[in-house]
Amino acid sequence: AERAGDGYTVSGHKAVVLNAPHADRLLVAVRTDGEVDGENGISLLLLDPAADGVVTRPYPTVDGQRAAEIEFDAVQVPAADRLGPEGEALPAIRTAIGWATLAACAEAVGIMAVLVDKTVEYSKARKQFGVPIGSFQALQHRMADMFIELQQARSILLMAAMRLDDDANRAERAVSAAKSRIGRAARLIGQEAVQLHGGMGMSEELDVGHYFKRLTVIEALFGNTSYHTRRFASAGD
């Protein structure tokens, strides 16, 4: 965003903007000063998605929600629509992303709890060779692993929630620890739930597959498992 009289001219591109097709306003992070990778010089502007120069290309996401690619071509934004001091928005953005990441983790833990319960219930009802498949020891072991992963994910979520009001470094490290651990648990529980339901787990009629798709999206949201593992390792104590 470049200064233009008593306002800004915004140009650029934003990718995978969640819920953009339904938004009445767009909160856009722009660089108003500094180097491309610098921490200073990031500002927040409030834009009308119907303004001249804004082109929105919406599409469905794999989990059935909506997102969009957004192009900004010399969009005029008055200075009054800037939120906060110019060039100092990054700390607020990081705080918001931390809360959003934790919320996504909480959603994932809730989904995993549902998948564990549904898988155990299905194993008691589905029969093979005249007996419930839940009586097979190999499947019992797999469901036990799912349960353990769920409990570990829930525990680290609570830890991160308690640390979120700590100093920025400790809070970011706690959130990354949770996102990394919950991402791994989500993949294991989601895949096992689909596999233990057999062909039913792949059908559109059964909600297990839809839950798995949502977990897949959450694992990538706000940084995937690998990203948060690296961030946790580099954050220090």
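Residues numbered from 1 in each chain as written. Predicted model: local features only at pLDDT ≥ 70, side-chain atom pairs only at ≥ 80, totals over all residues. Heavy atoms only, no water.

Draft legend 1. Structural detail: unusual backbone geometry. Look at alanine 74: it is not a glycine, yet its phi comes out positive at around 55°. Within the element layout of this structure, alanine 74 appears in strand β6 (residues 66–78). In this model, phenylalanine 222 sits at a positive phi of 55°, which is unusual for a non-glycine residue. As for its position among the elements, phenylalanine 222 is in the loop between α4 (207–220) and α5 (225–235). (Helix = DSSP H or I, 4+ residues; strand = E, 2+ residues; numbered from the N terminus.)

Draft legend 2. Local environment of the packing of helix α2 (residues 137–163) against helix α3 (residues 168–196). The interhelical angle for the contact between α2 and α3, taken along N-to-C directions, is 160°, at an axis separation of 9 Å. Here α2 lies roughly antiparallel to α3, going by the angle between them. In terms of crossing hand, the pair formed by α2 and α3 is left-handed. Residues belonging to the contact of α2 with α3 are distributed by class as follows: 20 nonpolar, 2 polar and 7 charged. (Axes fitted to C-alpha atoms, helices over the stretch in contact; angles between N-to-C directions. Parallel < 35°, antiparallel > 145°, perpendicular 65-115°, else oblique. Left-handed = near helix turned anticlockwise from the far one by under 90°. Nonpolar A, V, L, I, M, F, W, Y, C, P; charged D, E, K, R; others polar.)

Draft legend 3. Highlighting the pattern of salt bridges. Applying the stated rule across the entire model yields 15 salt bridges. Arginine 163 is the partner of aspartate 166 in a salt bridge, and the nearest nitrogen-oxygen pair spans 3.9 Å. By relative accessible area, aspartate 166 is classed as partly exposed at 29%. Judged by its relative accessible area of 33%, arginine 163 is partly exposed. The residue aspartate 167 makes a salt bridge to arginine 170 at a minimum N-O spacing of 4.0 Å. Salt bridges sharing common partners tie together Arg163, Asp166, Asp167 and Arg170. (Salt bridge = Lys/Arg side-chain N within 4 Å of Asp/Glu carboxyl O. Buried < 20%, exposed > 50% of the residue type's maximum accessible area, 1.4 Å probe, protein only.)

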